[in-house]
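Listed here are the chains, written in short residue letters.
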Amino acid sequence: MEDDNQSVSSNEENVVFNTVKLISSDGFEFIIDRKCAMISGTIKSMLSSPGNFVEKRQNEIPFGEIRGEILEKVCEYFYYKAKYSNSEDVPEFHIDDNIATELLTVAEYLEC
């Protein structure tokens, strides 16, 4: 049984989602491809660790310390990284100077 957001294996309790919702501290929600989100070591751990973690069950991760503007740029980077990871001709990923320091801190936290 499949739809756009999830597929269910023969074990009805084992649901694998194709997307994940990331929620910023100011309430912005970003629904992104799960494979792209897994570029982040932190997000990958939250969604694939053994156990019954809330993030894994609800398929959404609230980031209480990350503003929407920053989380949006992080999501853009996930797609950029997924698209160009095996490419020889990689265009520059533009980062506005006004958010560079905050973005670097978040990237370190997210391990991406």
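Per an unreviewed UniProt entry, the protein carries the name Elongin-C and comes from Piromyces finnis. Taken from UniProt, the Sequence similarities (unreviewed entry) comment for the protein reads in full: "Belongs to the SKP1 family." Database annotation for the protein, UniProt heading Subcellular location (unreviewed entry): "Nucleus".

It is not clear to me how the packing of helix H4 (residues 68–84) against helix H5 (residues 100–110) should be interpreted in this structure. Could you clarify?
Contact geometry for H4 and H5: axes closest at 10 Å, N-to-C directions at 60°. Accordingly, the angle class assigned to the pair H4 and H5 is oblique. The two elements H4 and H5 cross, and the hand of that crossing is right-handed. In this structure, H4 contributes Ile-70, Lys-73 and Val-74 to the contact, and H5 contributes Glu-102, Leu-103, Val-106 and Leu-110.

What should I look at first to understand the side chain of Thr-42 in this one?
Secondary-structure assignment places Thr-42 in helix H2 (residues 41–48). Discounting chain neighbours no more than four positions away, the residues touching Thr-42 are Tyr-109, Leu-110 and Glu-111.

I keep staring at H4 and nothing clicks. Help me out?
Think of an α-helix as 3.6 residues a turn; residues three or four steps apart then line up on the same face. For H4, spanning 17 residues, the distance from its first C-alpha to its last is 24 Å, which sits close to the expected 24 Å at 1.5 Å a residue. Taken as a whole, H4 has its buried residues at Gly-68, Ile-70, Leu-71, Lys-73, Val-74, Cys-75, Phe-78 and Tyr-80. Those residues of H4 that are buried are in contact with strand S3 (19–23), strand S4 (29–33), helix H1 (34–37), H2 and H5.

Looking at this structure, I do not really get the nonpolar core. What am I missing?
A general feature of soluble globular proteins is that nonpolar side chains tend to end up buried together. Membership of the largest hydrophobic core comes to 21 residues, with the highest contact counts inside it found for Leu-22, Ile-32, Ile-43, Phe-63 and Val-74. Ranked by the residues each element gives to this core, the list is headed by H4, at five residues. When residues no more than four places from it in sequence are discounted, the contact partners of Phe-63 are Leu-22, Ile-23, Ser-24, Ser-25, Ile-43, Met-46, Leu-71, Tyr-109 and Leu-110.

What's the story with H5 in this structure? I'm lost.
Within the sequence span of H5, burial applies to Leu-103, Val-106, Ala-107 and Leu-110. Across the axial projection of H5, the buried residues extend over an arc of 105°, all falling on one side. In this structure, H5 carries Thr-101, Leu-104, Thr-105 and Glu-108 as exposed residues pointing more than 90 degrees from its buried face. In the core, the buried residues of H5 are packed alongside H2 and H4. Note on H5: the residue one or two positions beyond its end, Glu-111, has a positive phi of about 55°.

What am I meant to see in the environment of His-94 here?
When you line up the elements, His-94 lands in the loop between H4 and H5. Residues His-94 and Lys-73, 21 residues apart in the sequence, show an inter-C-alpha distance of 9.6 Å.

How should the sheet that holds S4 be read in this particular structure?
Across a sheet, strands are paired by hydrogen bonds formed along the backbone, either parallel or antiparallel in direction. Taken in spatial order, the three strands line up as S4-S3-S5 in an open sheet, and their pairing is mixed. Each edge of the open sheet carries a strand with a single partner, namely S4 and strand S5 (60–62). Looking at each pair of strands side by side, their axes are set apart by 20° on average, direction ignored. Most of the contacts of H4 go to S4, to which it runs at about 10°, and overall it touches S3 and S4.

Calculation rules
Counting from 1, residues in each chain are numbered in the order their sequence is written. Two thresholds apply to this predicted model, a pLDDT of at least 70 for residue-level local features and 80 or more for giving and counting side-chain atom pairs, whereas whole-chain, interface and lining totals are computed over all residues. Calculated side-chain values reflect all of the structure's heavy atoms, with hydrogen atoms and water omitted. UniProt positions are given in the numbering used here, feature names are shortened, and annotations may be inferred rather than shown by experiment. Orientation is described by axes fitted as lines to C-alpha atoms, over the contacting stretch for helices, and by angles from 0 to 180 degrees between their N-to-C directions. A run of H or I in DSSP becomes a helix once it reaches four residues, and a run of E becomes a strand once it reaches two; helices and strands are each numbered from the N terminus. By definition in this entry, angles of less than 35 degrees are roughly parallel, angles greater than 145 are roughly antiparallel, angles of 65 to 115 are roughly perpendicular, and the rest are oblique. Handedness of a crossing follows from how the near helix is turned relative to the far one, being left-handed for an anticlockwise turn of less than a right angle and right-handed for a clockwise one. Note on contacts: a residue pair is in contact if any heavy atoms of the two residues lie within 4.5 Å. Multiplying one less than the number of residues by 1.5 Å gives the expected span of a helix. Each residue is assigned to one of three classes by its accessible area relative to the maximum for its type, calculated with a 1.4 Å probe on protein chains only: buried under 20%, partly exposed between the two thresholds, exposed over 50%. To define a nonpolar core, start from buried Ala, Val, Leu, Ile, Met, Phe, Trp, Tyr and Cys residues and group those joined through side-chain atoms within 4.5 Å. By arc we mean the arc of the directions from the helix axis to the C-beta atoms, nothing more. Strand pairing is assigned whenever DSSP detects at least two bridges linking the two strands.

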